There are 2 protein chains.
Amino acid sequence: MIKILLDAMGGDNAPSVNVAGAVRALNADKQLKLVLTGREAEICAELAKHKYDKSRLEIVDCPDVIEMNDSPTEAVKRKQSSLMAAYWMLKKEDDICALVTAGSTGATIVGGQLILGRIRGIKRPALCPAIPNSRGGVTLLVDCGANAECKPVMLCQFAVLGSAYARAGFGIKEPKVGLLNNGTEEHKGDPLRQETYKYLSQMKGINFIGNVEGRDIMLGECDVVVADGFSGNIALKSIEGCGKLVLGVMKKQFTSSLSAKIGYLFARKAIKGMRAQLDFNKFGGALLLGLKKPVVKSHGSSKPETIANAIANAAAIHRGRLVPAVEELLDGEDLNFAVDDD
Amino acid sequence: MIKILLDAMGGDNAPSVNVAGAVRALNADKQLKLVLTGREAEICAELAKHKYDKSRLEIVDCPDVIEMNDSPTEAVKRKQSSLMAAYWMLKKEDDICALVTAGSTGATIVGGQLILGRIRGIKRPALCPAIPNSRGGVTLLVDCGANAECKPVMLCQFAVLGSAYARAGFGIKEPKVGLLNNGTEEHKGDPLRQETYKYLSQMKGINFIGNVEGRDIMLGECDVVVADGFSGNIALKSIEGCGKLVLGVMKKQFTSSLSAKIGYLFARKAIKGMRAQLDFNKFGGALLLGLKKPVVKSHGSSKPETIANAIANAAAIHRGRLVPAVEELLDGEDLNFAVDDD
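Not measured: the values here are computed from a predicted model.

1. Structural notes on the pattern of salt bridges
Residue and element names in this part refer to chain A.
Turning to step 1, where the next piece is worked out: Scanning all chains against the criterion turns up 30 salt bridges over all chains.
Turning to step 2, where the next piece is worked out: Between Asp29 and Arg319 there is a salt bridge, with the nearest N and O atoms lying 3.3 Å from each other. Here Asp29 is found in the loop between helix H1 (16-28) and strand E2 (32-38), whereas its partner Arg319 is found in helix H11 (residues 304-319), with 290 residues between them in sequence.

2. Looking at the confidence of the model for chain A
Turning to step 1, where the next piece is worked out: Chain-level pLDDT for chain A is 93 on average; 98% of the residues reach the 70-or-more range.
Turning to step 2, where the next piece is worked out: With pTM at 0.92, the complex prediction returns an ipTM value of 0.90.

3. Let's talk about the packing of aromatic side chains
All names here are of chain A.
Turning to step 1, where the next piece is worked out: By the definition in use, this model includes eight aromatic pairs over all chains.
Turning to step 2, where the next piece is worked out: With centroids separated by 5.2 Å and ring planes inclined at 75°, the aromatic side chains of Tyr197 and Phe208 adopt a geometry described as edge-to-face. Here the residue Tyr197 occupies a position in helix H7 (residues 191-202), and Phe208 occupies one in strand E9 (residues 207-212), the gap between them amounting to eleven residues. Across the pair, Phe208 and Tyr197 agree in class, each one buried.

4. Notes on the sheet that holds strand E2 (residues 32-38) of chain B
All names here are of chain B.
Turning to step 1, where the next piece is worked out: Sheet architecture is open: seven strands sit in the order E3-E2-E1-E4-E12-E11-E5, paired in mixed fashion. The open sheet has two edge strands, strand E3 (57-61) and strand E5 (126-128), and neither has a second partner. Each strand axis lies, on average, 25° off the axis of its neighbour in the sheet, ignoring direction.
Turning to step 2, where the next piece is worked out: Pairing geometry for strand E11 (residues 286-289) and strand E12 (residues 295-297), over three bridges, is antiparallel. Each bridged residue has a counterpart across the sheet, and for Leu288 the counterpart in E12 is Val295.
Turning to step 3, where the next piece is worked out: Strands strand E1 (2-7), E2 and E3 of the sheet are contacted by helix H1 (residues 16-28), whose axis makes an angle of about 170° with E2.
Turning to step 4, where the next piece is worked out: The sheet contacts of helix H4 (residues 82-92) involve E1, E2, E3, strand E4 (96-101), E11 and E12, and relative to E4 the element is tilted by about 165°.

5. A short note on the interface of chain A and chain B
Turning to step 1, where the next piece is worked out: Between chain A and chain B, the contact holds 52 residues from the first and 52 residues from the second.
Turning to step 2, where the next piece is worked out: A combined buried area of about 4,400 Å² lies between chain A and chain B, and 72% of that area is made up of carbon and sulfur atoms.
Turning to step 3, where the next piece is worked out: Our enumeration of links across chain A and chain B arrives at four salt bridges.
Turning to step 4, where the next piece is worked out: The tally of links between chain A and chain B comes to eight residue pairs in polar contact (both at pLDDT 80 or more).
Turning to step 5, where the next piece is worked out: Of the residues assigned to the side of chain A that touches chain B, the class counts are 25 nonpolar, 17 polar and ten charged.

6. A short note on the relation of the copies chain A and chain B
Turning to step 1, where the next piece is worked out: With an RMSD of 0.0 Å, chain A superimposes on chain B once it is rotated by 180° and translated 0.0 Å along the axis. The two molecules are tied by a two-fold rotation axis, judged by turn and shift. Scanning chain A for the C-alpha nearest the rotation axis identifies Gly263 of chain A, at a separation of 1.9 Å.
Turning to step 2, where the next piece is worked out: A high fraction, 100%, of the interface residues of chain A reappear at the interface in chain B, so the copies pair face to face through one surface.

7. So, helix H12 (residues 322-331) of chain B
Residue and element names in this part refer to chain B.
Turning to step 1, where the next piece is worked out: All of the buried residues along H12 are Leu322, Val323, Ala325, Val326, Leu329 and Leu330. What you see down the axis of H12 is that its buried residues fit within an arc of 160°, all on one side. H12 presents Glu328 and Asp331 as exposed residues on the side facing more than 90 degrees away from its buried surface.
Turning to step 2, where the next piece is worked out: Against the buried residues of H12 lie helix H6 (152-170), E11 and helix H11 (304-319).

8. Notes on the pairing of E2 of chain A
Look at any regular strand and the pattern is simple: side chains alternate between the two faces of the sheet.
Residues and elements named next belong to chain A.
Turning to step 1, where the next piece is worked out: Counting buried positions along E2 gives six out of seven residues, so the element sits mostly inside the fold.
Turning to step 2, where the next piece is worked out: In terms of strand pairing, strand E1 (residues 2-7) meets E2 through six bridges, oriented parallel. Bridging across to E2, Leu6 finds its partner in Leu36.
Turning to step 3, where the next piece is worked out: One crossover worth recording links E1 to the parallel E2 by way of H1, and it is right-handed.
Turning to step 4, where the next piece is worked out: Pairing between E2 and strand E3 (residues 57-61): five bridges, direction parallel. From the neighbouring strand, Leu36 faces E3, where its bridge partner is Ile59.

9. Here we look at the environment of Ala146 of chain A
Residues and elements named next belong to chain A.
Turning to step 1, where the next piece is worked out: By secondary structure assignment, the location of Ala146 is in the loop between strand E7 (138-142) and helix H6 (152-170).
Turning to step 2, where the next piece is worked out: C-alpha of Ala146 to C-alpha of Pro125: the two residues are 21 residues apart in sequence and 7.1 Å apart in space.
Turning to step 3, where the next piece is worked out: Residue contacts for Ala146: discarding those within four places in its chain leaves Ile109, Pro125, Ala126 and Leu127.

10. Points about unusual backbone geometry
Residues and elements named next belong to chain A.
Turning to step 1, where the next piece is worked out: For the bond from Ala14 to Pro15, the omega torsion is -5°, close enough to zero to count as cis.
Turning to step 2, where the next piece is worked out: Among the structural elements, Pro15 can be located in the loop between E1 and H1.
Turning to step 3, where the next piece is worked out: A positive phi is found at Arg321, a non-glycine position, where the angle reads about 65°.
Turning to step 4, where the next piece is worked out: Structurally, Arg321 can be placed in the loop between H11 and helix H12 (322-331).

The rules behind these values
- Residues numbered from 1 in each chain as written.
- Chains lettered and ligands numbered in written order.
- Predicted model: local features only at pLDDT ≥ 70, side-chain atom pairs only at ≥ 80, totals over all residues.
- Heavy atoms only, no water.
- Salt bridge = Lys/Arg side-chain N within 4 Å of Asp/Glu carboxyl O.
- Helix = DSSP H or I, 4+ residues; strand = E, 2+ residues; numbered from the N terminus.
- pLDDT = per-residue confidence, 0-100.
- Phe/Tyr/Trp six-rings, centres within 6.5 Å; stacked < 30°, edge-to-face > 60°.
- Buried < 20%, exposed > 50% of the residue type's maximum accessible area, 1.4 Å probe, protein only.
- Pairing = 2+ DSSP bridges.
- Axes fitted to C-alpha atoms, helices over the stretch in contact; angles between N-to-C directions.
- Contact = heavy atoms within 4.5 Å.
- Buried area = accessible area lost by both parts, 1.4 Å probe.
- Polar contact = N/O pair within 3.5 Å; in protein donor to acceptor, adjacent residues only side chain to side chain.
- Nonpolar A, V, L, I, M, F, W, Y, C, P; charged D, E, K, R; others polar.
- Least-squares fit on C-alpha atoms with pLDDT ≥ 70 in both.
- Arc of directions from axis to C-beta.
- Right-handed = clockwise from strand over helix to strand, strands pointing away.

Now the structure itself:
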């Protein structure tokens, strides 16, 4: 049995979407137990609409809800909120393996750092989405928003975290790691990139393939792309914007004439396959890496399917032994060469 | 008559593609004169394959060619190269309006700064592609790679340059300007973004709408997105990668079964419309802004159509009076508040 926490109140359409996602995940994995934190009455009203194995679902009543625009540092003090109560349980209860939330990103990061805590040696947690790529697999982009300002040692640790995720989550033994830069040549970029390049080349446990460009996130050869949280965020959201535009244009064009509509009917399966291959929600969200247990942060606008995917992904990552993989990789590295002043 | 220079030797498939593009541009615009720089014999051999008005095409023989991996600072000294010879003519000859090249980006930037020169008051030139957006128009992303490291005053000037391009190239009277950031709230980002936000808000001639995210480049409301060259480059290439992936997946899916192939036949026009709406080459490349005359930098892998579009775009920008628009906008601003130490 794997026991996973779900913040039932996080996200734009909570708790209805969260509860529907929880039920879907429970029905798909008989080895799964879920603990939902949030307003019990609201959760029960939603649960009444579904069929599921009641013995594998537990509710912890939390009267308080953190909103998207609450200050994260204030939010972390609200122990009776669905998110922070979940973090306290995740910290204290050994049999709980992971947390899934679609709530505020800032509060999720701060709560993770201050309540759950980081893996020994890790300076900062990092957000890491799995982005579909042209090889039919995924590229892990780390960091994509937790740390706007970075030092070389942090980027080196992101390489460790991303490599561990590639192993634990996707069974890639020697994940290829690239450094996101404005060109592929060794000397490219600002001093942060130039220094990090040097350090990454020296790391024993990291399969560093050099600088990569924005296009390589979806088209390239590497499994892990290391970035500061600022440019990683720009990359991720630029890709999301492009994907959304394409789907919008496609919809418009395929309803633009009778002939196009007929074409759509014949090609429906192909178009569905296309959408599936470009599906950003396959893994339910970004993994918050570097904490003592896996935390999956889903999009605020998640659908039931997204939440279910996030729960399944959290379970898979725990089964793949993410945290031990991070510790093992970190143990083998001498990051003193990249030590900074904080 | 508008007289434009084309570096006939720049790019992966020069001079054949460049010459084909030049002929296409000449045939489309009877008000156009072209001067091609490069190896005369090779250019003539290519020209022999085409029909065009010989009275409107001139060749300047340049024996030397700058390659993609030549050092830009060395390249700028090679006055007999097709690119630098073009820059010298652009500087000296009043009747030549603009330059188009598909050659090395680095050499194009350095040549522009050192030979042609910047508009008075402009600290650095910036690369600015026009990216298709969901409103059916374009978003101008400035800078996308000329300046990896930026200061607030540079970003403020990019806002001026982008606004002038939106006016001169696309007839947008009061272009909306956004600052590329990792969130839309005012306090978001690193100190560079926070300071720039403050300064942009104070600029009289800039219609600043606040922070925008990567997704807003294609989905948002603004006409100009201001970025440092590092994150702008990441954004542009991430979008390019996503676009390429989508086209690849589409091709694969529409040939995956007989039914899909039939669907393709019926929806062919819709798919063509989709491609056209997502066409990155509509304007032939990125504009190098901030120089005394317009310079269009096309992709190294340009097709004849791309080169022709670049020439047409250069002509349109000259007709739209880009450089006077920059000077006028700059004159109205007191950028002393953003003065830095260089």
